[in-house]
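The lines below spell out each chain.
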Amino acid sequence: MRKIIILISFLILGATSFAQVNTQRFLAMGRTDLFNDNYSESIKNLTTAIKAEPDKFEPYFFRGLAKYSLGDYEGAISDFTKSIEINPYFSYNYQYRGISKSQLNKYHEALKDFALAIHRGPNNSDVFVNRGTTKIQLDMYENSLHDFDTAIILDKKNELAYINKSYALYKLEQHDAALDQINKAIRLNYLNKTAYQRRGMLKFEMEKYEDAIFDLELAMKLDDEDPI
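Note that the coordinates shown come from a computational prediction; the quantities given were computed from them, not determined experimentally.

Draft legend 1. Layout of the overall build of the chain. For the chain, the count of helices and strands is twelve helices and zero strands. When the helices and strands of the chain are placed in sequence order, the string is α-α-α-α-α-α-α-α-α-α-α-α. Evaluated residue by residue, the chain yields a buried proportion of 42% over its 228 residues. Restricting to contacts in the chain with at least 6 residues of sequence separation, those with at least 24 account for 46%. For the chain, the accessible surface area stands at approximately 13,300 Å², while carbon and sulfur atoms represent 55% of it.

Draft legend 2. Quick look at the environment of Tyr94. When you line up the elements, Tyr94 lands in helix α5 (residues 91-103). Using a relative accessible area of 5% as the deciding quantity, one classes Tyr94 as buried. Discounting residues that sit within four places of it in the chain, Tyr94 has contacts with Ile84, Pro88, Asp113, Leu116, Ala117 and Arg120. Among the polar contacts made by the side chain of Tyr94, one reaches the main-chain carbonyl oxygen of Pro88 at a distance of 2.8 Å.

Draft legend 3. Summary view of the nonpolar core. Residues Phe114 and Val127 are the most contacted members of the largest nonpolar core, which totals 33 residues. Only α5, α6 (107-120), α7 (125-137), α8 (141-154), α9 (159-171), α10 (175-188), α11 (193-205) and α12 (209-225) provide two or more residues apiece to this core. For Val127, the contacting residues outside a window of four places in its chain are Gln95, Phe114, Ala117 and Ile118. Core analysis: the next-biggest nonpolar cluster, separate from the first, contains eleven residues, Leu34, Leu46, Ala66 and Phe80 among them.

Draft legend 4. Up close: the pattern of salt bridges. Counted according to the given criterion, the structure contains 14 salt bridges. For the salt bridge of Lys67 with Asp79, the shortest nitrogen-to-oxygen distance reads 3.1 Å. One end of the pair, Lys67, is in helix α3 (residues 57-69); the other, Asp79, is in helix α4 (residues 73-86), and twelve residues separate them in sequence. Judged by relative accessible area, which is 3%, Asp79 ranks as buried. With its nearest N and O atoms 3.0 Å apart, the salt bridge here joins Lys101 to Asp113. Of this pair, Lys101 sits in helix α5 while Asp113 sits in helix α6; the two residues are twelve residues apart in sequence, bridging distant segments of the chain. Given the relative accessible area of 11%, Lys101 is considered buried. Among the residues examined, Asp113 registers a relative accessible area of 2% and is labelled buried.

Draft legend 5. Quick peek at α8. Between its first and last C-alpha atoms α8 spans 20 Å; for 14 residues at 1.5 Å apiece the expected length is 20 Å, and the two agree. Every buried residue of α8 is listed here: Tyr141, Ser144, Leu145, Asp147, Phe148, Ala151 and Ile152. Along the axis of α8, the buried positions cluster into a sector of 165 degrees, meaning they face one direction only. Away from the buried face of α8 by more than 90 degrees, exposed residues His146 and Ile153 are located. The inward-facing, buried residues of α8 abut α7, α9 and α10.

Draft legend 6. A look at the packing of aromatic side chains. On inspection of all chains with the given rule, the structure shows ten aromatic pairs. Ring centres of Phe57 and Phe90 lie 5.3 Å apart, and the angle between their planes is 55 degrees; this geometry places the pair in the tilted category. Separated by 33 residues along the polypeptide, Phe57 in helix α3 and Phe90 in the loop between α4 and α5 bring together distant segments of the chain. Residue Phe57 is classed as buried on the basis of its relative accessible area of 17%.

Draft legend 7. Region of the structure containing unusual backbone geometry. Positive phi outside glycine occurs at Asp37, with the angle close to 65 degrees. Among the secondary structure elements, Asp37 is positioned in the loop between α1 (2-35) and α2 (39-52).

Draft legend 8. Fine view of the packing of α3 against α4. Where α3 meets α4, the axes come as close as 8 Å, and the angle between the chain directions of the two elements is 165 degrees. What the angle tells us is that α3 and α4 run roughly antiparallel. In this structure, α3 meets α4 at a crossing whose hand is left-handed. Contact residues: α3 offers Phe57, Tyr60, Phe61, Arg63, Gly64, Leu65, Lys67 and Tyr68, while α4 offers Tyr73, Gly75, Ala76, Asp79, Phe80, Lys82, Ser83 and Ile86. Among the residues making up the contact of α3 with α4, the classes are represented as nine nonpolar, three polar and four charged.

Rules used throughout
- Residues numbered from 1 in each chain as written.
- Predicted model: local features only at pLDDT ≥ 70, side-chain atom pairs only at ≥ 80, totals over all residues.
- Heavy atoms only, no water.
- Helix = DSSP H or I, 4+ residues; strand = E, 2+ residues; numbered from the N terminus.
- Buried < 20%, exposed > 50% of the residue type's maximum accessible area, 1.4 Å probe, protein only.
- Contact = heavy atoms within 4.5 Å.
- Areas by Shrake-Rupley, 256 points an atom, 1.4 Å probe, with all protein chains shown as cover.
- Polar contact = N/O pair within 3.5 Å; in protein donor to acceptor, adjacent residues only side chain to side chain.
- Core = buried A, V, L, I, M, F, W, Y, C linked by side-chain atoms within 4.5 Å.
- Salt bridge = Lys/Arg side-chain N within 4 Å of Asp/Glu carboxyl O.
- Expected span 1.5 Å × (residues − 1).
- Arc of directions from axis to C-beta.
- Phe/Tyr/Trp six-rings, centres within 6.5 Å; stacked < 30°, edge-to-face > 60°.
- Axes fitted to C-alpha atoms, helices over the stretch in contact; angles between N-to-C directions.
- Parallel < 35°, antiparallel > 145°, perpendicular 65-115°, else oblique.
- Left-handed = near helix turned anticlockwise from the far one by under 90°.
- Nonpolar A, V, L, I, M, F, W, Y, C, P; charged D, E, K, R; others polar.

Laid out in structure tokens, this is it:
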């Protein structure tokens, strides 16, 4: 009887160790596929990791990112929600669930998720950009400026914060201030085609037509040269 108990204990331990090794292996492969834009393969590997150990939050989170990248926003929200159920303290779950909800035009729900993300990760510049951008979708231009300013305080090199702040200022008809912000984004990255496109449109509104044409043509040239 003692030998049987020892054998059963050994088999249980062996199965647990095997599951753990496989979970980490499939999780690692899933992350690698995700970062290499192999989203469908990433989902397959992460699903295998989830089946092996369904109580781990990481595979759900990364599978949510893969689904988001494939445009499956409802599926992404489901995975982020499951990840939150397992680990409610991981701020990026709320951030990316909010981004997914924004893609489905669920802006007010997204704002709630961004607030939860900020509560758990207040030093994350990107989540303030995300919230500010969602506020723009709700025509909350003045309010969005506070989020972009906070993002810039946290990360002075956050290009998107300057670009989207510029757009909010443009909607508030503060064209000179908007131009100043977009210029800051371009100084941070001279190859940012979105910044040149936005600046060209802004200059067109300011009746600086030659400058506008130059920026728009440069944006198209950068787009042609973009290998993606």
